[in-house]
Amino acid sequence: MVEIARSEFILGGQKSGKSRRAELIARQWLDATVAHRAVLIATGQAWDDEMRERIARHQRDRMVRVPGMVTVEEPLALAEVLQRHSASHTLVVVDCLTLWLTNLLMPAQGAPLDAELPTKELCRAIEQAKGPVVLVGNEIGLGVIPMGREVRAFVDALGGLNQAVAGVCARVTLMAAGLPLTLKELG
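Structural notes, computed from the coordinates. Being a predicted model, the structure only gives us computed values, none of them experimental.

Focus on the overall build of the chain
- Across its full length, the chain holds six helices and seven strands.
- Each helix (α) and strand (β) of the chain, taken in turn from the N terminus, gives the series β-α-β-α-β-α-β-α-α-β-α-β-β.
- Its C-alpha atoms give the chain a radius of gyration of 16 Å, near enough to 16 Å, the size a compact globule of 187 residues would have.
- In terms of principal-axis extent, the alpha carbons of the chain reach across some 50 × 40 × 35 Å.

A word on the nonpolar core
- Core analysis: the biggest nonpolar cluster contains 31 residues, and Phe 9, Leu 82, Leu 97, Leu 122, Leu 135 and Val 165 have the highest contact counts within it.
- If you list the elements that add at least two residues to this core, you get β1 (7-12), β2 (37-42), α3 (78-85), β4 (90-95), α4 (97-105), α5 (116-128), β5 (133-138) and α6 (149-168).
- Ranked by the residues each element gives to this core, the list is headed by α6, at six residues.
- Those residues in contact with Leu 135 that sit more than four places away from it in its chain are Glu 8, Phe 9, Ile 10, Val 94, Leu 97, Leu 122, Ile 126, Val 165 and Cys 169.

Observations regarding the environment of Thr 90
- The residue Thr 90 is located in strand β4 in this model.
- Since its relative accessible area comes to 0%, Thr 90 is described here as buried.
- Along the sequence, Thr 90 and Leu 161 sit 71 residues apart, while their C-alpha atoms lie 24 Å from each other.

So, the packing of α3 against α5
- Two elements in contact, α3 and α5, have axes whose closest approach is 8 Å; the angle formed by their N-to-C orientations is 15°. By the angle between their axes, α3 is roughly parallel relative to α5. Where α3 crosses over α5, the two elements pack in a sense that is left-handed. Facing α3, whose interface residues are Leu 78, Ala 79, Leu 82 and Gln 83, α5 presents Glu 121, Leu 122, Ala 125, Ile 126 and Gln 128.
- Taken together, the residues of the contact of α3 with α5 break down into six nonpolar, two polar and one charged.

Here's the deal with α5
- Over its 13 residues, α5 runs 19 Å from end to end, which matches the ideal 18 Å to within 8%, given 1.5 Å per residue.
- Considered for burial, the residues of α5 that qualify are Pro 118, Thr 119, Leu 122, Cys 123, Ala 125 and Ile 126. Looking down the long axis of α5, one finds its buried residues gathered within 160° of arc, a one-sided arrangement. Exposed residues lying more than 90 degrees from the buried face of α5 are Leu 117, Glu 127 and Gln 128.
- Here the buried face of α5 lies against β1, α3, α4, β5 and α6.

A look at the packing of α4 against α5
- Orientation of α4 relative to α5, taken along the N-to-C sense of each, is 145°, at an axis distance of 11 Å. Along this stretch, α4 crosses α5, giving a crossing that reads as right-handed. Two secondary-structure elements touch here, α4 through Leu 97, Trp 100 and Leu 104 and α5 through Pro 118, Thr 119 and Leu 122.
- Split into classes, the residues belonging to the contact of α4 with α5 amount to five nonpolar, one polar and no charged.

Thoughts on the pairing of β5
- β5 sits mainly inside the fold: six of its six residues count as buried.
- Residues Val 133, Leu 135 and Gly 137 point to one face of β5 and Val 134, Val 136 and Asn 138 to the other, with burial holding for every one of them.
- Both β1 and β5 contribute to a ladder of six bridges, which runs parallel. Within β5, the residue paired with Phe 9 across the bridge is Leu 135.
- Bridge count between β4 and β5: four bridges; the pairing is parallel. By the bridge assignment for β5, Val 93 is matched with Val 134.

Quick word on unusual backbone geometry
- The amide bond that connects Asp 95 to the next residue, Cys 96, takes the cis arrangement and shows omega of 10°.
- Positionally, Cys 96 belongs in the loop between β4 and α4.
- The backbone phi angle of Lys 15 is positive, close to 60°, even though this residue is not glycine.
- For Lys 15, the location among the structural elements is in the loop between β1 and α1 (18-32).
- Unlike most non-glycine residues, Ala 177 shows phi in positive territory, near 55°.
- Mapped onto the fold, Ala 177 is located in the loop between β6 (171-176) and β7 (179-185).
- Residue class for Ala 177 comes out exposed when judged on its relative accessible area of 74%.

Reading the values: the criteria
Residues numbered from 1 in each chain as written. Predicted model: local features only at pLDDT ≥ 70, side-chain atom pairs only at ≥ 80, totals over all residues. Heavy atoms only, no water. Helix = DSSP H or I, 4+ residues; strand = E, 2+ residues; numbered from the N terminus. Rg over C-alpha atoms; globule rule 2.2 N^0.38 Å. Core = buried A, V, L, I, M, F, W, Y, C linked by side-chain atoms within 4.5 Å. Buried < 20%, exposed > 50% of the residue type's maximum accessible area, 1.4 Å probe, protein only. Contact = heavy atoms within 4.5 Å. Axes fitted to C-alpha atoms, helices over the stretch in contact; angles between N-to-C directions. Parallel < 35°, antiparallel > 145°, perpendicular 65-115°, else oblique. Left-handed = near helix turned anticlockwise from the far one by under 90°. Nonpolar A, V, L, I, M, F, W, Y, C, P; charged D, E, K, R; others polar. Expected span 1.5 Å × (residues − 1). Arc of directions from axis to C-beta. Pairing = 2+ DSSP bridges.

Below, the structure written as structure tokens:
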């Protein structure tokens, strides 16, 4: 049983168990009382066949693991949608911050956006949330320094986003091989 924090940031590598932990928290929240609701804000966009299938697989799996959770798709206006769905009886899961940042910095169409203001707005929305918030993101800064300028800039921006979100969350959990390691815990 996982104690539900006011806000939790779950980060780790790809396939480390981040989303599963967020789903476990949501399931426990929903099972606690019939008055509870859970909303997933999905930030991924299906730009190719592989991503379409990945999203469909996640949706199918989530319906089995957390049948009562409602999904809202929002690739850009994350702070606004988090505020709209936040309520004392509603747990909001954001999956994932890395794809959200990708949507801002590397849009398939149009010019990239500056992520500084959206990051500040997101942190403010987390702090002002009326109910619990669980955010999922990737930790990609543990590997070798990327060769390309754009990729280095993205890794730097994600590191800044992760630090900002970790700074405002009550709990920060690092996932590795499906195992949680608590990095920060405020009472």
